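Per-entry structural report
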Amino acid sequence: MRIKEVLLSSLVILGSGPVLAQSGGVINVATIGEPPTLDPMVSTADLVGIVTQHFFETLFTFDKDWKVTPLLAASMPEVTDGGKVYTIKLRDGIKFHDGSDMTSEDVVASLKRWMEQGSRGKQVAGNVDKLEAVDPSTVRLTLKTPYAPLLALLAFNNSAAVIMPAEKMDVPMKDPVGTGPYKLKERKPDQYIQLVRNEAYKPLEGAGNGYGGARKPILDEIRFVPVPDPNTRVEGAISGQFDYVDSLPVEAYDRIKNLQTSKPVILKPFGWPVFVMNTKQGVMANVDARMAVRLSLSMEDMLAAAFGNPEFYSLDGAMYPKGYVWNSDAGVEGRYNVADPDKAKALLKKANYSGGPLRILTSRQYEFHYKMAQVAAEYLKQAGFAVDLQVVDWATLTQRRGDPALWDIYITHSPFLPEPALIGQLSESSPGWWSSPERKKAVDAFNTESDPQKRPALWAQVQKVIYDETPSVKIGDFNALSAQSPKLEGVVPAPWPYFWNVSVKK
Amino acid sequence: MSRYVIQRFLGMLAVMFVVVTIVFIIVRIAPGDPAAVMLGPDATAQDVASLRARLGLDQPLIVQYGIFFGQLLQGDLGESIFLNRPVLSALADRAEPTFFLTLFSIFIAGLIAIPVGILSAYWRGSLFDQVSTTLAMLAASVPSFWLGLLLIQFFAVRLGIFPVSGYGGPGASLATRLSHLVLPALSLGIVSSALILRFTRASMLDVLNDDYVRTARSKGMGEFRVVMKHAFKNALIPVLTVIGLTAALLVSGAVVTETVFGLPGVGNLVVSAVLRRDYPVIQGALLIVAALYVLINFLIDMLYLLVDPRVRY
């Protein structure tokens with residue numbers, strides 16, 4: 001039966017368009033849970049991006065060096081009028097999964113929906129003067145003022161500007177129809193999401209390049225299976241039940257490193273844990289008190305407690321690690337991993353700290369957040385803070401952090417985002433509500449500079465202001481652990497793992 | 001007798017009304033917000049507020065309650081915020097794994113507990129009795145998730161004879177789906193057997209000393225018949241009650257086991273709904289579970305009527 005299925009699918013492929021020599025195979029991917037929605041525009045959850053990027057596509061995406069590269073666009077846009085007008089040519093012959101052709105009308109309708117529904121789209125919307133279809137294969141976006149993060153926002157798979165047919169603009173989304181290398185066949189919540197190869201898909205020429213380049217749908221099927229319990233995911237990797245297992249606890253590394261059924265996939269570095277301060281009201285509204293938090297903490301101890309194995313973390317005060325164009329040490333010296341309670345006490349005295357509770361919101365949904373919070377609490381107590389550690393579930397945390405009266409610090413983490421402007425805490429409306437003349441000057445200068453050569457220096461200035469004013473404290477860099485079957489070929493460690501260009505060894 | 005049945009039925013309706021109201025209030029006063037969860041970690045407060053308005057969560061609680069209760073009277077449990085489908089249909093989809101899991105678990109629990117309980121009582125104070133009651137205490141103390149992980153390690157990872165988690169892929173046959181239930185059912189069955197065993201033993205000890213058992217023996221009846229026909233039949237009422245309540249508990253209490261084994265059952269749906277604050281699903285699932293509890297209690301009461309005529313008066 002199995003051989004027959006493989007033969008049949010091979011025949012179908014041979015008879016229809018691009019010949020994929022090694023095509024075939026079904027893989028099961030264990031994910032951390034069920035995505036809250038399949039509408040990638042409305043959600044910033046990583047899991048939504050991981051699944052939907054296989055059937056929805058954006059105009060642009062990121063290559064392996066995190067540079068923006070065309071995907072549904074035919075080329076990089078023509079930028080005129082001092083960075084205010086973006087003319088985007090679309091690729092010819094792109095078809096949606098329902099068989100209809102993608103035109104500029106679909107792109108305009110999709111981008112409008114994104115600007116109305118997507119939190120990242122709304123970031124752009126305020127600055128958009130006009131969005132129009134110039135001809136069936138050209139779109140023009142006119143900005144009020146130059147806005148450098150535009151292309152990164154159009155390329156990002158998180159709150160993504162995906163292109164859908166103009167007649168499928170329902171909110172909430174009813175029918176996920178995209179252009180991607182895979183199509184959604186069936187979703188059984190909490191059981192599986194079944195994607196099948198889009199036979200009509202035409203990949204870009206050449207090889208894959210990060211999220212860019214050719215996206216070849218080699219596998220017949222990809223099944224995303226929610227396995228919410230991390231220990232069960234580990235056992236699933238060890239038993240070989242899953243071909244790819246996402247997001248494993250780092251403690252599992254020793255158990256999976258020498259297996260025949262699975263091998264570890266380490267994404268190095270993956271992201272950064274961060275303590276976000278409530279700069280609007282309460283104890284952390286005072287910049288000296290915030291600096292006292294920064295200087296009291298031992299990042300080394302916090303990372304060791306959170307991740308254990310030094311293979312999985314590194315001490316790094318820079319907002320972006322080495323290897324990124326945004327890496328800089330501006331502002332870091334003498335302000336990272338200091339663990340100096342005396343300096344912190346002096347600053348607290350200067351801040352007229354009255355001994356009121358320092359409310360730290362954290363969650364055990366991410367165990368490493370909680371472990372870091374426990375270590376931080378001890379260092380903060382040594383510095384003289386009256387720490388009130390509030391451990392809640394993640395949904396409660398995301399609600400409470402919206403109310404400035406309820407907390408002083410909350411703990412979160414983020415992957416290293418391809419464009420610094422995408423970092424949530426830089427926005428004045430993001431919980432933390434960091435707002436100051438220095439922030440505005442530095443962030444505005446960074447956001448309006450469209451020359452890629454000049455932007456790293458401007459980002460260094462933003463980083464310096466972050467260290468000066470401490471709206472948040474970056475704890476360090478950490479790596480992510482996943483596992484894959486040795487039979488899978490072509491898996492590239494990525495923050496949002498993808499399975500085009502992946503094949504099963506026969 | 002019919003008066004007793006009507007009384008019990010009306011009592012059941014009153015309990016359901018109280019449950020409906022308490023569930024609605026508890027779900028709403030718990031912190032957390034479905035809009036914030038749906039929009040993800042980087043959503044702004046304005047986005048969250050506008051989604052809350054679209055979902056009707058910005059309405060006063062009493063208005064939301066009125067809408068909810070009105071829908072309920074028409075048999076409508078509302079629509080899931082995250083699944084974009086009626087709660088009843090989402091629950092119906094999850095019924096199969098939970099139903100079979102409960103059935104298998106109760107079967108395994110009964111298979112272990114009833115014979116061992118009877119023999120423990122019969123050989124009271126013997127080595128068998130001491131070992132079995134100690135093991136029952138151990139089984140009652142073991143968290144089902146931990147036992148589940150041990151079973152996974154042994155049967156799924158080491159021996160490779162059962163799957164680690166899930167409920168089969170697209171097009172999986174019933175046999176494949178049921179094979180995914182063996183380990184979770186074993187885990188729940190072992191844990192649940194402890195209570196049933198202790199009840200069976202205690203109940204048997206009560207009746208084994210009764211006059212009619214002595215009379216049966218004095219008539220020269222064989223020990224097997226004395227124990228099974230005379231003693232066990234009369235010891236059955238409390239055992240039936242505890243089996244019924246364990247079944248009701250499993251429908252709602254298999255939450256942890258379903259999560260550990262990644263089973264798409266009612267328990268898993270409830271956990272996801274609680275974590276996402278999917279109010280209609282939480283309400284709907286709790287109501288169904290409460291209704292099952294009330295119904296099982298009602299049926300047990302009716303069963304008493306059949307088994308013990310004194311209850312009628």
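Described in the following lines is the structure provided in the data block.

The rules behind these values
Residues numbered from 1 in each chain as written. Chains lettered and ligands numbered in written order. Predicted model: local features only at pLDDT ≥ 70, side-chain atom pairs only at ≥ 80, totals over all residues. Helix = DSSP H or I, 4+ residues; strand = E, 2+ residues; numbered from the N terminus. Rg over C-alpha atoms; globule rule 2.2 N^0.38 Å. Contact = placed C-beta atoms within 7 Å. Buried ≥ 20, exposed ≤ 12 C-beta atoms within 10 Å, placed from the backbone. Pairing = 2+ DSSP bridges. Nonpolar A, V, L, I, M, F, W, Y, C, P; charged D, E, K, R; others polar. Axes fitted to C-alpha atoms, helices over the stretch in contact; angles between N-to-C directions. Left-handed = near helix turned anticlockwise from the far one by under 90°. Expected span 1.5 Å × (residues − 1).

It is worth spelling out the overall build of chain A at this point. Helix and strand counts for chain A come out as 14 helices and 22 strands. Here chain A has a C-alpha radius of gyration of 24 Å; the compact-globule value for 506 residues is 23 Å, and the two agree. On the principal axes, the C-alpha backbone points of chain A span a range of 75 × 60 × 35 Å. Sequence-distant contacts in chain A: of pairs separated by 6 or more residues, those separated by 24 or more amount to 71%.

On to unusual backbone geometry. Residue and element names in this part refer to chain A. Note that the residue after V171, namely P172, is joined by a cis bond; omega there is -5°. Structurally, the position occupied by P172 is in the loop between α5 (150-155) and β8 (182-188). Backbone torsion omega between K268 and P269 reads -10°, so that peptide bond is classified as cis. Locating P269 in the fold gives a position in strand β14 (residues 263-277). Unusually for a residue other than glycine, N352 sits at a positive phi of about 55°.

Another aspect to go through is the pairing of strand β16 (residues 357-363) of chain A. All names here are of chain A. With 6 of its 7 residues buried, β16 lies for the most part within the structure. Two elements, β16 and strand β17 (residues 386-392), share 7 bridges in a ladder whose sense is parallel. Bridge assignment links T362 to a residue of β17, and that residue is V391.

Listed per partner, the contact involves 43 residues of chain B and 43 residues of chain A. When residues of the side of chain B that touches chain A are traced back to their parent elements, those giving at least two are α2 (34-39), α3 (45-54), α7 (144-158), α12 (255-260) and α13 (266-276) of chain B. Within the side of chain B that touches chain A, the residues separate by chemical class into 24 nonpolar, 14 polar and 5 charged.

Residue and element names in this part refer to chain A. Judged by pairing direction, the sheet is antiparallel, and its 4 strands sit side by side in the order β4-β5-β7-β6 without closing on themselves. Of all the strands in the sheet, just β4 (78-80) and β6 (128-135) have a single pairing partner and so form its edges. Here the strands of the sheet are splayed against their neighbours by 15° on average, with no regard to which way each runs. The sheet contact formed by strand β5 (residues 85-89) and strand β7 (residues 138-143) spans 5 bridges and is antiparallel. Note on β7: the bridge partner recorded for K89 is T138. Each of β6 and β7 touches helix α3 (residues 104-117); the most contacted strand, β6, lies at about 160° to it.

All names here are of chain B. The geometry of helix α5 (residues 87-122) relative to helix α9 (residues 182-208) is characterised by a closest axis approach of 6 Å and an angle of 35° between their N-to-C directions. Of the two elements, α5 crosses α9, and the hand of that crossing is right-handed. A class-by-class count of the residues in the contact of α5 with α9 yields 19 nonpolar, 8 polar and 1 charged.

All names here are of chain A. Close contact between helix α9 (residues 299-307) and helix α11 (residues 367-382) brings their axes to 8 Å; oriented N to C, the two are set at 145°. Viewed along their axes, α9 and α11 form a crossing whose handedness is right-handed. Contact residues: D301, M302, A305, A306 and F307 in α9; F368, K371, M372, Q374, V375 and A376 in α11. In terms of residue class, the contact of α9 with α11 is made up of 8 nonpolar, 1 polar and 2 charged.

Our focus in this paragraph is the environment of L141 of chain A. Residue and element names in this part refer to chain A. Among the structural elements, L141 can be located in strand β7. The exposure class of L141 is buried, given the 22 C-beta atoms found within 10 Å. When the C-alpha positions of L141 and K84 are compared, they lie 8.2 Å apart, and in sequence the two are 57 residues distant. In this structure L141 touches Y86, V128 and L131, once residues within four positions along its chain are discounted.

Moving on: helix α1 (residues 2-29) of chain B. With 28 residues, α1 of chain B extends 41 Å from end C-alpha to end C-alpha; this agrees with the ideal 40 Å at 1.5 Å per step. Restricting attention to buried positions, one finds in α1 of chain B the residues V23, F24 and V27 of chain B.

None of the figures reported here should be taken as evidence of function without further support.
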